[in-house]
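Residue strings, one per chain:
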Amino acid sequence: MVPAVAAFGIAFFCLALWCSVTVARTRDLPTWRRFLPLALFLIAAGASALRAFDIPQVANAVAFPLNLAVVVLSLREIRKRRQYRHEADRHASSGTMV
């Protein structure tokens, strides 16, 4: 059971990191929206690091909800960007076929 929980935690950490970096690299978003997921991810990582100093209460209360917020916000921004690009490509291709 413990290895399964550890594997899930590592996979979720990597997903949150990938999502936050992907959104931070998006140039067509305002700066605060680009770096909000990355900032939340770093706060969650800092809260998780408090376990090393024997303060697990903060990590238990803050880290997972912040990581979940990072993934939800990032996936929403990624989905919006893909939808916008798809609509722009569709309009561009329909305009050239006259």
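Keep in mind that what you see is a predicted model, and the values were worked out from it rather than measured. (Residues numbered from 1 in each chain as written. Predicted model: local features only at pLDDT ≥ 70, side-chain atom pairs only at ≥ 80, totals over all residues. Heavy atoms only, no water.)

Some thoughts on the overall build of the protein
This is how it is decided: Helix numbers and strand numbers start at the N terminus; a helix is a DSSP run of H or I with at least 4 residues, a strand a run of E with at least 2. Every radius of gyration here is taken over C-alpha atoms, with the globule rule written as 2.2 Å times N^0.38, N being the number of residues. In this analysis, two residues are considered to be in contact whenever any of their non-hydrogen atoms come within 4.5 Å of each other. Think of it this way: Lys and Arg go in the positive column, Asp and Glu in the negative one, and His and the chain ends go nowhere. The atom standing in for a charge is NZ when the residue is Lys, CZ when it is Arg, CG when it is Asp and CD when it is Glu.
When helices and strands are counted, the protein shows three helices and zero strands. Starting at the N terminus, the α and β elements of the protein follow one another as α-α-α. For the protein, the C-alpha radius of gyration of 18 Å lies well beyond 13 Å, the compact-globule estimate for 98 residues. Considering only intrachain contacts with a sequence separation of at least 6, the fraction spanning at least 24 residues in the protein is 58%. Distance from the positive charge centre (12 side chains) to the negative charge centre (5 side chains) of the protein: 2 Å.

Side note on the side chain of Arg34
Stated formally: Three labels apply to residues, based on accessible area from a 1.4 Å probe with only protein chains included: buried if under 20% of the type maximum, exposed if over 50%, partly exposed otherwise in between. Salt bridges are counted wherever a side-chain nitrogen of Lys or Arg sits within 4 Å of a carboxyl oxygen of Asp or Glu. Think of a polar contact as two N or O atoms within 3.5 Å of one another; within protein, one of them needs to be a possible hydrogen donor and the other a possible acceptor, and neighboring residues in sequence only count if both atoms come from side chains.
Looking at the secondary structure, you find Arg34 in helix α2 (residues 31-49). One buried charged residue, Arg34, remains without a salt bridge, the closest side chain of opposite sign being Asp28 at 7.5 Å. Only 3.2 Å separates the side chain of Arg34 from the backbone oxygen of Ala24, close enough to count as a polar contact.

Considering the pattern of salt bridges
Scanning the model with the defined rule gives two salt bridges in all. Between Glu77 and Arg33 there is a salt bridge whose closest N-O contact spans 2.8 Å. With a gap of 44 residues between them, Glu77 in helix α3 (residues 56-96) and Arg33 in helix α2 connect regions that are remote in the sequence. Overall, the relative accessible area of 8% leaves Glu77 in the buried class.

A word on α2
Filter applied, for reference: Given a helix with a known number of residues, its expected span is that number minus one, times 1.5 Å. Each residue is assigned a bend, namely the angle between axes fitted to the seven residues that terminate at it and the seven residues that start at it.
Its 19 residues give α2 an end-to-end C-alpha distance of 27 Å, which sits within 8% of 27 Å, the value for a rise of 1.5 Å per residue. Of all the bends in α2, the greatest, near 30°, is centred on Pro37. Listed as buried for α2 are Arg34, Pro37, Leu40, Phe41, Ala44 and Ala47.

Here's the deal with the packing of aromatic side chains
Describing an aromatic ring pair means giving the distance of the ring centres and the angle of the ring planes. As a reminder of what qualifies: In this analysis, rings of Phe, Tyr and Trp, with Trp reduced to its six-membered ring, are considered paired at centre separations within 6.5 Å, and the interplanar angle assigns stacked below 30 degrees, edge-to-face beyond 60, and tilted for intermediate values.
Evaluation of the coordinates by the stated rule reveals three aromatic pairs. Ring centres of Phe12 and Phe64 lie 5.4 Å apart, and the angle between their planes is 35°; on these two criteria the pair is classed as tilted. A residue pair is termed long-range when its members are at least 10 positions apart, and Phe12 in helix α1 (residues 2-24) and Phe64 in helix α3 qualify at 52 residues. Overall, the relative accessible area of 43% leaves Phe64 in the partly exposed class. Judged by centre distance (5.2 Å) and plane angle (45°), the rings of Phe13 and Phe41 are tilted. With Phe13 in helix α1 and Phe41 in helix α2, the pair connects residues that are 28 residues apart, well separated along the chain. The partly exposed category is assigned to Phe13, whose relative accessible area is 38%. By way of ring pairs, the aromatic residues Phe8, Phe12 and Phe64 are connected into one cluster.

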